[in-house]
Amino acid sequence: EDKVVQSPLSLVVHEGDTVTLNCSYEVTNFRSLLWYKQEKKAPTFLFMLTSSGIEKKSGRLSSILDKKELFSILNITATQTGDSAIYLCAVPNRDDKIIFGKGTRLHILP
Amino acid sequence: EAGVVQSPRYKIIEKKQPVAFWCNPISGHNTLYWYLQNLGQGPELLIRYENEEAVDDSQLPKDRFSAERLKGVDSTLKIQPAELGDSAVYLCASSPPQAPLWEQYFGPGTRLTVT
């Protein structure tokens, strides 16, 4: 069965801290791994990772994939209160259906 | 450019009542998705449309859920009758033609509470 497991499920840190969010997956015919940020209700796309060891970066956010160990991490440096959100990891399966993890609920304290 | 529009944003109904959600995708987007998101869970696909054709409805509980996209633009998702366990956020997303799978634009969702 295809599955995506994220950890931790929730995290509370102070503004300025660095956080690392984890995502492990099991899916047949792996092609890519996706990260989304969900504020209020609508998830917005952050990154798509297809190759191991190549870091994707956008401002203070970065992500990397390890296809051998079947996991990915999302790093956020110098966190700000606006980073508070649910971060979803997802993997498309062989039927082109996106399988989402439960998400990590991140709360940044001022 | 307007995003995906959903209405209502919130709905409270009693169990056994019917309920309908409406989604207007981004103009020009031919692919439309309905997702269900329970509290503390990630979104789960209910149905995917390519234009007016439902190409994947394997996860749609067809005994009580139905969906339509008659003219290949707007879509409605209906539950009849609603059960307590249907309380969740219902997300609609759309994609432009030939878009990769990750390129889905989500609407703000409808939060359904069944009492």
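Residues numbered from 1 in each chain as written. Chains lettered and ligands numbered in written order. Predicted model: local features only at pLDDT ≥ 70, side-chain atom pairs only at ≥ 80, totals over all residues. Heavy atoms only, no water.

1. Section: the side chain of Arg 64 of chain B
Residue and element names in this part refer to chain B. Following the sequence through the fold, Arg 64 ends up in the loop between strand S6 (53-56) and strand S7 (65-68). Take Arg 64: its relative accessible area is 14%, and that puts it in the buried class. At 2.8 Å, the side chain of Arg 64 and the backbone oxygen of Pro 81 are in polar contact. If near-sequence neighbours (up to four positions away) are discounted, Arg 64 is found in contact with Lys 78, Ile 79, Gln 80, Pro 81, Ala 82, Glu 83 and Asp 86. (Helix = DSSP H or I, 4+ residues; strand = E, 2+ residues; numbered from the N terminus. Buried < 20%, exposed > 50% of the residue type's maximum accessible area, 1.4 Å probe, protein only. Polar contact = N/O pair within 3.5 Å; in protein donor to acceptor, adjacent residues only side chain to side chain. Contact = heavy atoms within 4.5 Å.)

2. Details of unusual backbone geometry
Each neighbour pair has its own omega, and for Ser 7 of chain A with Pro 8 of chain A the value is -10°, a cis peptide bond. Here Gln 80 of chain B and Pro 81 of chain B are connected by a cis peptide whose omega angle stands at -5°. One can find Pro 81 of chain B in the loop between strand S8 (75-79) and strand S9 (88-95). At Asn 51 of chain B, a position not held by glycine, the phi torsion is positive, near 55°. Structurally, Asn 51 of chain B can be placed in the loop between strand S5 (44-50) and S6.

3. A closer look at the pattern of salt bridges
A complete count under the given rule lists 9 salt bridges over all chains for this structure. Close ionic contact of Asp 56 of chain B with Lys 97 of chain A constitutes a salt bridge, the shortest N to O distance being 3.5 Å. Of this pair, Asp 56 of chain B sits in strand S6 while Lys 97 of chain A sits in the loop between strand S9 (85-92) and strand S10 (98-100), on two different chains. Here Asp 56 of chain B matches Lys 97 of chain A in class, with each residue buried. (Salt bridge = Lys/Arg side-chain N within 4 Å of Asp/Glu carboxyl O.)

4. Examining the sheet that holds strand S8 (residues 71-76) of chain A
Residue and element names in this part refer to chain A. Strand order in the open sheet made by the 5 strands is S1-S3-S8-S7-S6, with antiparallel pairing throughout. Single-partner strands in this sheet number two, and they are strand S1 (3-7) and strand S6 (56-58). When the angles between neighbouring strand axes are averaged without regard to direction, this sheet yields 15°. Of the pairings in the sheet, the one linking S1 to strand S3 (residues 19-26) comprises 5 bridges and is antiparallel in character. Considered in S3, the bridge of Lys 3 is made with Glu 26. (Pairing = 2+ DSSP bridges. Axes fitted to C-alpha atoms, helices over the stretch in contact; angles between N-to-C directions.)

5. Here's the deal with the interface of chain A and chain B
At the interface, 16 residues of chain A touch 22 residues of chain B. Roughly 1,600 Å² is buried in total at the junction of chain A and chain B, and carbon and sulfur atoms are behind 61% of that figure. Put simply, chain A and chain B have 1 salt bridge between them. Our enumeration of links across chain A and chain B arrives at 5 residue pairs in polar contact (both at pLDDT 80 or more). (Buried area = accessible area lost by both parts, 1.4 Å probe.)

Shape is all these values report; function is a separate question.
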